[in-house]
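One letter stands for each residue in the lines below.
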Amino acid sequence: MTVNEALFNYSLRLGDNSLILSHRLSEWTGKAPILEEDLAITNIALDKLGQARFLLQYAAQLEGKGRSEDDLAYKRSEREFYNSLLVEQPNGDFAFTMARQLLNDVFDFFLYEELTKSTNEPLASLAAKSLKEIKYHLRHCSEWIIRLGDGTEESHNRIQNSMNELWAYTGELFEMNEIDSILIKENMVPDLSKLKPKWNNMLCEIFEKATLKKPEEGFMHTGSRKGVHSEYLGFILAEMQYLPRAYPSATW
Amino acid sequence: MEKKNPEDSFQVKIDAEEKIEPKDWMPDEYRRNLIRQISQHAHSEVIGMQPEGNWITRAPSLRAKAVLLAKIQDEGGHGLYLYSACETLGISRDELIEQLHSGKAKYSSIFNYPTLTWADIGAVGWLVDGAAIVNQVSLQRTSYGPYSRAMIRICKEESFHQRQGYEIMANMAKGTLEQKQMAQDALNRWWWPSLMMFGPHDTESAHSAKSMKWKIKRESNDELRQRFIDKTVQQAEVIGLSIPDPDLQWNEQRKHYDFGKINWEEFTNVLNGNGPCNKQRMANHIQAHQNGAWVREAAMAYAEKQKNKKVPA
């Protein structure tokens, strides 16, 4: 695999993650517990979509086969997506969505912080811009985690159970493959194993403030680095891709 | 010298185009009238998020998805300004939402129509937001200060919404045959309901006379409707779509378009809860509100704990 191919795949991995999380968050529109939160979730969905567009445009450019951001979003199939299993999990209740968001945001925070130092200019500049957004997302959702954890007995139980359930999807975030090895050598991307202690510490601090217990370590799901997903992704894509697939010659 | 009663000095102020502010004296009926109108407007923004939200996950390009998300976010924001404006009249947001759920407060009937295809997202932006703008531009001069200021802010964003809708329609109208058919079909279904958004004819309108005297409303339903028709007919011509009204024609004498009869029976039916989506829209709002109850309780409980922590022992 060339550096260029590795970069293409890495951009898809990051881009797909943002795109699918944006999709899940956008499903909350009109359904949040209060109107202010409806706006906040939509805003995060919009930021994630912006990141996805940048990354898919960059991937398309690296590939050099004339595909566009839309071709990559709308014309790839289930086995060609590389987002984490975590972000494709259904929204569940508000606690479940916030737990999913926290686990992802803390990871994104440390990842993008490292990417600002990338020797690859497009990734570094995207990271610098995205980091500001991610800091806001992280602050917003950690405040909710603390409120829910230290709110009522019901909210405490809901957020604790959500965290316990989603924990099994966090191992995968740190998995690396050939793509990582190639790009780490070029100082373009960080070694994910080095992010894990920081990720762990930040979560522990938030859990403590939220009076939550850190979930027990156990079995971890895997697959997305190879494009093997949960059944949920197929439905997301069926919905998202329906118009361009049904009318392939149309432009919108 | 004879002392003026408060209602007279209130009217003098209105006639002099001075704004009424929350702390000023106002007739109870003026207050009730405003609460009814502003809350209906706020609820419309919020319920209006549903028919458009219906298409976010299916938007046909990432750019279209981003624009639609931003637009729906704006609408939620408009709902917030309007709820705040309404709260200055001495009613809480909880009460307003309760009135919506009990059916005491209304929202615009237009949102009881379904968005069936992507072209409907275009039609909603072009026609529904287009009609709303005509009304809102006029309301920038409404006599109640907080409402007027909310309208000025909202109008700045609404013109972007209308362009977004028109752009979708224009792209589809010059696209494939199927796209053009979809666009025409959406125009056919949304045209008449959009005209109904301005409310009954002036001769039939229950709230109009008092609202005009108090300058809550500045122009009549029929004047606003005519303005909307005149500007929209030309926009349809530019993109090659036809307005579904065989009686539509330019009247050189009036310098306005004449148009066909509006089906007021349909209007009344939808208003009375029999539109295609009345039950669905309300059920969704109630469901979301109920599902969020434990979250709001948790936030209150947490805030309470924080407050207690700050009290020195």
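All values reported here derive from a predicted model rather than from experimental measurement.

With 15 residues, helix α10 (residues 232-246) of chain A extends 21 Å between its outermost C-alpha atoms, agreeing within 8% with the 21 Å of an ideal straight helix rising 1.5 Å per residue. The largest bend in α10(A) amounts to roughly 50° and is located at A:Met240, with the proline A:Pro244 lying one to four residues further along. Tucked inside the fold, the buried residues of α10(A) contact α1 (3-26), α3 (69-74) and α4 (85-88) of chain A together with α4 (62-87) and α6 (118-139) of chain B.

This part takes up the interface of chain A and chain B. Accessible area lost when the parts come together is the quantity often used to give the size of an interface. Across the boundary between the two partners, chain A contributes 48 residues, which contact 43 residues of chain B. Close ionic contact of A:Glu36 with B:Arg93 constitutes a salt bridge, the shortest N to O distance being 2.4 Å. Linking chain A to chain B there are 12 residue pairs in polar contact (both at pLDDT 80 or more). Those elements that provide at least two residues to the side of chain A that touches chain B are α1, α2 (35-63), α3, α5 (94-115), α6 (121-149), α7 (153-166) and α10 of chain A. Per-element tally for the side of chain A that touches chain B: the top contributor is α2(A), with 11 residues. Residue classes in the side of chain A that touches chain B are distributed as 24 nonpolar, 11 polar and 13 charged.

Its location among the elements puts B:Cys86 in helix α4. Residues contacting B:Cys86, with those up to four places away along its chain left out, are B:Ile35, B:Ile38, B:Ser39, B:Ile91 and B:Leu96.

Moving on: the packing of α6(B) against helix α10 (residues 221-238) of chain B. Two numbers describe a pair of packed helices, the interaxial angle and the distance between the axes. Residue and element names in this part refer to chain B. Their axes nearest at 10 Å, the elements α6 and α10 cross at an angle of 140°. Taken together, the axes of α6 and α10 are oblique relative to one another. Helix-helix and strand crossings are classified by hand; for α6 and α10 the assignment is right-handed. Contacts between α6 and α10 pair Trp126, Leu127, Gly130, Ala131, Val134, Asn135 and Ser138 from the former with Leu224, Arg227, Phe228, Lys231, Thr232, Gln235 and Ala236 from the latter. Broken down by class, the residue content of the contact of α6 with α10 amounts to 7 nonpolar, 5 polar and 2 charged.

The final tally for this structure, using the stated rule, is 20 aromatic pairs over all chains. Judged by centre distance (5.1 Å) and plane angle (75°), the rings of A:Phe174 and A:Trp199 are edge-to-face. Pair noted here: A:Phe174 is in the loop between α7 and α8 (178-185) and A:Trp199 is in helix α9 (residues 192-209), with a separation of 25 residues, a long-range link. The same class applies to A:Phe174 and to A:Trp199, which are both buried. Judged by centre distance (6.4 Å) and plane angle (80°), the ring pair of B:Phe10 and B:Trp214 falls under edge-to-face. Residue B:Phe10 is located in helix α1 (residues 6-15), and its partner B:Trp214 is located in the loop between α9 (208-213) and α10; the two are separated by 204 residues in the primary sequence.

Right, let's get into α6(A). Residues and elements named next belong to chain A. Here α6 contains 29 residues, and its C-alpha end-to-end distance of 40 Å stays within 8% of the 42 Å for a straight helix at 1.5 Å per residue. Most pronounced at serine 130, the bend in α6 amounts to some 30°. Looking at where α6 begins, the residue whose side-chain oxygen comes 2.9 Å from the main-chain nitrogen of leucine 123 is asparagine 120.

Do not read the predicted coordinates in detail wherever pLDDT is low. On average, residues of chain B score 95 in pLDDT, and 98% of them reach the 70 mark or higher. For this predicted complex, the interface score ipTM comes out at 0.97, alongside a pTM of 0.96.

This part takes up the environment of B:Leu116. Residues and elements named next belong to chain B. Along the chain, leucine 116 falls in the loop between α5 (93-102) and α6. For leucine 116 and tryptophan 55, which are 61 residues apart along the polypeptide, the C-alpha to C-alpha distance reads 9.2 Å. Those residues within four positions of leucine 116 in sequence are excluded, and the remaining contacts are Trp55 and Arg189.

What follows covers the side chain of B:Ser220. Residues and elements named next belong to chain B. Relative to the elements of secondary structure, serine 220 occurs in the loop between α9 and α10. The class for serine 220 is buried, based on a relative accessible area of 12%. A distance of 2.7 Å separates polar atoms of two side chains, one belonging to serine 220 and the other to aspartate 202. In this view, serine 220 contacts Asp202 and Met212; residues no more than four positions away in its chain are not counted.

Residue and element names in this part refer to chain B. A cluster of acidic residues, Glu87, Asp94, Glu95 and Glu98, forms a negative patch on the protein surface. Element by element, the count of residues in the negative patch is highest for α5, at 3 residues. Here glutamate 95 shows up in helix α5.

Conventions and cut-offs
- Residues numbered from 1 in each chain as written.
- Chains lettered and ligands numbered in written order.
- Predicted model: local features only at pLDDT ≥ 70, side-chain atom pairs only at ≥ 80, totals over all residues.
- Heavy atoms only, no water.
- Helix = DSSP H or I, 4+ residues; strand = E, 2+ residues; numbered from the N terminus.
- Expected span 1.5 Å × (residues − 1).
- Bend = angle between axes of the 7 residues up to and from the residue.
- Contact = heavy atoms within 4.5 Å.
- Salt bridge = Lys/Arg side-chain N within 4 Å of Asp/Glu carboxyl O.
- Polar contact = N/O pair within 3.5 Å; in protein donor to acceptor, adjacent residues only side chain to side chain.
- Nonpolar A, V, L, I, M, F, W, Y, C, P; charged D, E, K, R; others polar.
- Axes fitted to C-alpha atoms, helices over the stretch in contact; angles between N-to-C directions.
- Parallel < 35°, antiparallel > 145°, perpendicular 65-115°, else oblique.
- Left-handed = near helix turned anticlockwise from the far one by under 90°.
- Phe/Tyr/Trp six-rings, centres within 6.5 Å; stacked < 30°, edge-to-face > 60°.
- Buried < 20%, exposed > 50% of the residue type's maximum accessible area, 1.4 Å probe, protein only.
- pLDDT = per-residue confidence, 0-100.
- Patch = residues over 30% accessible without salt bridge, like charges linked within 9 Å, V, L, I, M, F, W, Y side chains within 5 Å.
- Areas by Shrake-Rupley, 256 points an atom, 1.4 Å probe, with all protein chains shown as cover.
- Lys, Arg positive; Asp, Glu negative; His and termini not counted.
- Charge placed at Lys NZ, Arg CZ, Asp CG, Glu CD.

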